[in-house]
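# Tertiary structure, described
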Amino acid sequence: MTTTYNCMADDERTAGLAHARRAILEKKCVVLPTDTVYGIAADAFSPQAVTMLLVSKGRGRSMPPPVLIPRLNALDGLATDVFPEARQLAEAFWPGGLTLILHAQPSLDWDLGDTKGTVALRIPADEVAQELLTLTGPLAVSSANRTGQAPAQTAFEARSQLAESVEVYLEGGFRPVEGTDAMPSTIVDATSLPLRVVREGAVSLERLREVVPVLLDIDGNAGEPEESAEPAATTEPEKLPEPEAAGVPDAAADELSESGEQEPGEKTPSGPAGEKAPDAE
């Protein structure tokens, strides 16, 4: 039976997390809050559960869900050939609104859909989400809405769309902040160099380039590499100018808002080798 728990109350939060863990073990779907919008989650290592997630949303295997992880050390267990630049972004912005597309570990027994050998990973900056991930391990998570509908910013909104297809709804209040629009995670394709933004979102290009200056923007434009600054010539050695600061100029996803739905007339971003990027909550 579908149940909603108010996770803003300690007793219901404990009961809700326990029920959600049981549901995940039983290959069922749950809805949880994240730091961006609400997500529908399933066991990432169960093809049956992932299929139920996609069916609940009304979408196919061509839009695989990303995977939320509880800790940074899970990165190397799920991804391989991780470039130092990608690791720097993960260390700087996880937990937070950054999704990294990486090469999936080929030995993993999972089926997220038509991923072309990649996986999109993120650590959410949300207490309820992290508590559940600690109990369950990695979860396949997509935005909690039906395809074509607005992303849910409360569990109540999610239930109005997903209804009985979900076993447990964890209500944690409005996400990201009441009175604001849904904000998707930023998605970076980290499967090759240079890294490239394939969806703009919660983490700005300017902040990303503070960590990786040569990151490509969504149109493929490069940032400025860091350069060693040299003092300008002067006839007054006692008044040498200050060194010049290094130049730091101002997905796949399923395109678009955190719902993963494309707005009319919006350009569709692509992931590795021109493929669609994975969906992301």
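A brief look at the structure comes next. Since this is a predicted model, take the numbers as computed values, not measurements.

## Concerning the overall build of the protein chain
The helix and strand inventory of the protein chain stands at seven helices and eleven strands. Across the 281 residues that make up the protein chain, the buried fraction comes to 50%. Element-wise, carbon and sulfur atoms account for 50% of the exposed surface of the protein chain, whose accessible area totals about 12700 Å².

## Remarks on the pattern of salt bridges
All chains considered together, the criterion is met by eleven salt bridges. Ionic pairing is found between aspartate 43 and lysine 27, a salt bridge with its closest N-O pair at 3.3 Å. On the criterion of sequence distance, the pair formed by aspartate 43 in strand S3 (residues 38-43) and lysine 27 in the loop between helix H1 (10-25) and strand S2 (30-33) is long-range, its members being 16 residues apart. According to the relative accessible area criterion, lysine 27 is partly exposed, its value standing at 28%. Between glutamate 164 and arginine 159 there is a salt bridge; the shortest N-O distance is 3.8 Å. For glutamate 164, a relative accessible area of 57% translates into the label exposed. Taking relative accessible area as the criterion, arginine 159 reaches 29% and is therefore assigned partly exposed. Residues joined by salt bridges that share partners form a network here, namely Arg13, Glu127 and Glu131.

## Section: the packing of aromatic side chains
If you walk through the whole model with that rule in mind, you get one aromatic pair. Judged by centre distance (5.3 Å) and plane angle (20°), the ring pair of phenylalanine 45 and tryptophan 110 falls under stacked. Remark: tryptophan 110 occurs in the loop between strand S6 (98-104) and strand S7 (118-122) and phenylalanine 45 occurs in the loop between S3 and helix H2 (47-57); sequence separation between them is 65 residues. A relative accessible area of 32% places phenylalanine 45 in the partly exposed class.

## Here we look at the pairing of S2
Here S2 shows a buried face lined by Val30 and Leu32 and a second buried face lined by Val31 and Pro33. Sheet topology places S2 next to S3; four bridges connect them, and they run antiparallel. Paired with valine 31 across the strands is isoleucine 40, a residue of S3. The antiparallel pairing of S2 with S3 creates a hairpin that spans four residues between the two strands. As paired strands, S2 and strand S9 (residues 168-171) are joined by two bridges and run parallel to one another.

## Looking at the packing of H1 against helix H5 (residues 127-136)
Between H1 and H5, the least distance of the axes is 10 Å, while the angle of their chain directions is 45°. By the angle class used here, H1 and H5 are oblique. Remark: the crossing between H1 and H5 carries right-handed chirality. The segment H1 lies against H5, with Arg13, Leu17, Ala20, Arg21 and Ile24 engaging Glu127, Val128, Glu131, Leu132, Leu135 and Thr136. Within the contact of H1 with H5, the residues separate by chemical class into six nonpolar, one polar and four charged.

Reading the values: the criteria
- Residues numbered from 1 in each chain as written.
- Predicted model: local features only at pLDDT ≥ 70, side-chain atom pairs only at ≥ 80, totals over all residues.
- Heavy atoms only, no water.
- Helix = DSSP H or I, 4+ residues; strand = E, 2+ residues; numbered from the N terminus.
- Buried < 20%, exposed > 50% of the residue type's maximum accessible area, 1.4 Å probe, protein only.
- Areas by Shrake-Rupley, 256 points an atom, 1.4 Å probe, with all protein chains shown as cover.
- Salt bridge = Lys/Arg side-chain N within 4 Å of Asp/Glu carboxyl O.
- Phe/Tyr/Trp six-rings, centres within 6.5 Å; stacked < 30°, edge-to-face > 60°.
- Pairing = 2+ DSSP bridges.
- Axes fitted to C-alpha atoms, helices over the stretch in contact; angles between N-to-C directions.
- Parallel < 35°, antiparallel > 145°, perpendicular 65-115°, else oblique.
- Left-handed = near helix turned anticlockwise from the far one by under 90°.
- Contact = heavy atoms within 4.5 Å.
- Nonpolar A, V, L, I, M, F, W, Y, C, P; charged D, E, K, R; others polar.

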